[in-house]
Amino acid sequence: MKEQKGTLFVLTGPSGVGKGTLLSRVLPTLDSLFLSISATTRSPRPDEQDGVHYYFLNRGQFEEKVRNGEFLEHAQFSGNYYGTPSGPIDMHLARGEDVVLEIEVQGAMQIREKRPDAAMIFVAPPDFPTLEARLRGRQTEDEAAIALRLQTAREELKQIPKFDYLVINDDLTRAEEELKAVFLAERSRTNHRTFHMS
Ligand code: 5GP
């Protein structure tokens with residue numbers, strides 16, 4: 001049994017829903033799965049490092065990369081640009097390695113158009129008040145930014161039917177198991193594997 005070209009996974013869902021936390025727990029348990037590092041014009045948070053959490057760019061640098069066609073997708077979110085550099089992704093996929101993008105919903109929709117084979121996963125909160133409490137609790141945004149993220153979240157949640165999988169992050173351990181099951185199931189699909197008789 002030999003793996004063919006790798007699988008592209010897209011993990012999306014509202015800001016504050018716990019996409020990053022879920023991925024940080026599932027990623028170490030799966031081999032050959034790489035997390036794409038995005039570029040953004042947002043300022044780094046105190047614990048964030050350039051080239052590790054994001055590539056932090058100014059608007060001019062970001063727009064130049066857009067013009068050069070360096071992003072697989074890009075979107076504006078809460079007043080900043082975010083984009084997925086395509087080079088590293090194509091390199092991993094060509095090697096038969098899987099890649100996961102952790103991005104917001106507009107970007108996910110662009111991937112769905114460009115890469116119809118991508119496995120599309122939506123992470124939702126159990127309800128809206130829980131999302132609001134989580135966004136406030138992490139204390140990374142001011143009140144105006146939180147309000148904007150919540151307003152955006154309402155629109156994002158309407159897109160759930162366009163996704164292949166829905167993981168509800170009510171209990172972290174359970175959601176983590178569900179997300180891992182999605183990765184494993186996708187990897188077992190016949191169109192992602194080749195069987196050799198001899
Ligand atoms: P944050 O500012 O909280 O790190 O991210 C804000 C939102 O942008 C999150 O929903 C995050 O998943 C999303 N995001 C991060 N990187 C990208 C990217 O490359 N493209 C898109 N479209 N969204 C991204």
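Scroll up for the structure.
Rules and cut-offs
- Residues numbered from 1 in each chain as written.
- Predicted model: local features only at pLDDT ≥ 70, side-chain atom pairs only at ≥ 80, totals over all residues.
- Heavy atoms only, no water.
- Helix = DSSP H or I, 4+ residues; strand = E, 2+ residues; numbered from the N terminus.
- Rg over C-alpha atoms; globule rule 2.2 N^0.38 Å.
- Buried < 20%, exposed > 50% of the residue type's maximum accessible area, 1.4 Å probe, protein only.
- Areas by Shrake-Rupley, 256 points an atom, 1.4 Å probe, with all protein chains shown as cover.
- Lys, Arg positive; Asp, Glu negative; His and termini not counted.
- Charge placed at Lys NZ, Arg CZ, Asp CG, Glu CD.
- Pairing = 2+ DSSP bridges.
- Near = heavy atom within 4 Å.
- Polar contact = N/O pair within 3.5 Å; in protein donor to acceptor, adjacent residues only side chain to side chain.
- Nonpolar A, V, L, I, M, F, W, Y, C, P; charged D, E, K, R; others polar.
- Axes fitted to C-alpha atoms, helices over the stretch in contact; angles between N-to-C directions.
- Parallel < 35°, antiparallel > 145°, perpendicular 65-115°, else oblique.
- Left-handed = near helix turned anticlockwise from the far one by under 90°.
- Contact = heavy atoms within 4.5 Å.
- Core = buried A, V, L, I, M, F, W, Y, C linked by side-chain atoms within 4.5 Å.

J.: It is not clear to me how the overall build of the protein should be interpreted in this structure. Could you clarify?
T.: Scanning the protein for helices and strands turns up 7 helices and 11 strands. Its C-alpha atoms give the protein a radius of gyration of 17 Å, within 12% of the compact-globule value 16 Å for 198 residues. On the principal axes, the C-alpha backbone points of the protein span a range of 60 × 40 × 30 Å. Expressed as a percentage of its 198 residues, the buried residues of the protein come to 44%. Accessible surface, the protein: about 10500 Å² in total, of which carbon and sulfur atoms supply 51%. When the 25 basic and 30 acidic side-chain charges of the protein are each reduced to a single mean position, those positions are 2 Å apart.

J.: Would you take a moment to explain the sheet that holds strand E5 (residues 55-56) for this structure?
T.: Within a sheet, neighbouring strands are paired by backbone hydrogen bonds and run either parallel or antiparallel to one another. Spatially, the 4 strands line up as an open sheet ordered E5-E4-E7-E6, and their pairing is mixed. Edge positions in the sheet fall to E5 and strand E6 (71-77), since each of these pairs with one other strand and no more. Pairing of E6 with strand E7 (residues 80-85), which is carried by 6 bridges, proceeds in the antiparallel orientation. Following the sheet pairing, Phe 77 is matched in E7 by Asn 80.

J.: Sorry, what's going on with the side chain of His 92 here?
T.: For His 92, the position within the fold is in helix H3 (residues 86-94). A relative accessible area of 12% places His 92 in the buried class.

J.: What should I look at first to understand the site of the ligand in this one?
T.: As a structural note, the neighbourhood of the ligand is formed by 17 residues, with Arg 42, Tyr 54, Glu 73, Tyr 82 and Glu 104 the closest of them. Between Glu 73 and the ligand, the recorded distance is 2.7 Å, taken from a side-chain N or O atom to a nitrogen atom. Here Glu 104 contributes a side-chain N or O atom positioned 2.6 Å from a nitrogen atom of the ligand. For the ligand, the protein covers 96% of the area, taking 510 Å² as the surface of the free molecule. Counting only elements with at least two residues in the shell around the ligand, the list comes to E6 and E7. In terms of residue class, the shell around the ligand is made up of 5 nonpolar, 4 polar and 8 charged.

J.: What should I look at first to understand the packing of helix H1 (residues 19-26) against helix H7 (residues 172-187) in this one?
T.: The relative placement of two packed helices comes down to the angle between their axes together with the axis-to-axis distance. Contact pair H1 / H7: the axes reach a minimum separation of 10 Å and the direction vectors enclose 65 degrees. Comparing the axis directions of H1 and H7 gives the class roughly perpendicular. Handedness of the H1/H7 crossing: right-handed. Taken together, the residues of H7 that come into contact with H1 (itself represented by Thr 21, Leu 22, Leu 23, Arg 25 and Val 26) are Leu 172, Thr 173, Ala 175, Glu 176, Leu 179, Lys 180 and Phe 183.

J.: How should I be thinking about the nonpolar core in this particular structure?
T.: Inside soluble globular proteins, nonpolar side chains tend to come together where they are buried. The biggest cluster of nonpolar side chains holds 24 residues, and the ones touching the most others in it are Val 100, Leu 179 and Phe 183. Elements with a minimum of two residues in this core: strand E2 (8-12), H1, strand E9 (119-124), helix H5 (128-137), helix H6 (143-157) and H7. Tallying contributions element by element places H7 first for this core, with 4 residues. Residue contacts for Leu 179: discarding those within four places in its chain leaves Leu 11, Leu 22, Leu 23, Val 26, Ile 121 and Val 167. Grouped together as the second largest cluster of nonpolar side chains are 17 residues, Leu 72, Ile 89, Met 109 and Phe 122 included.

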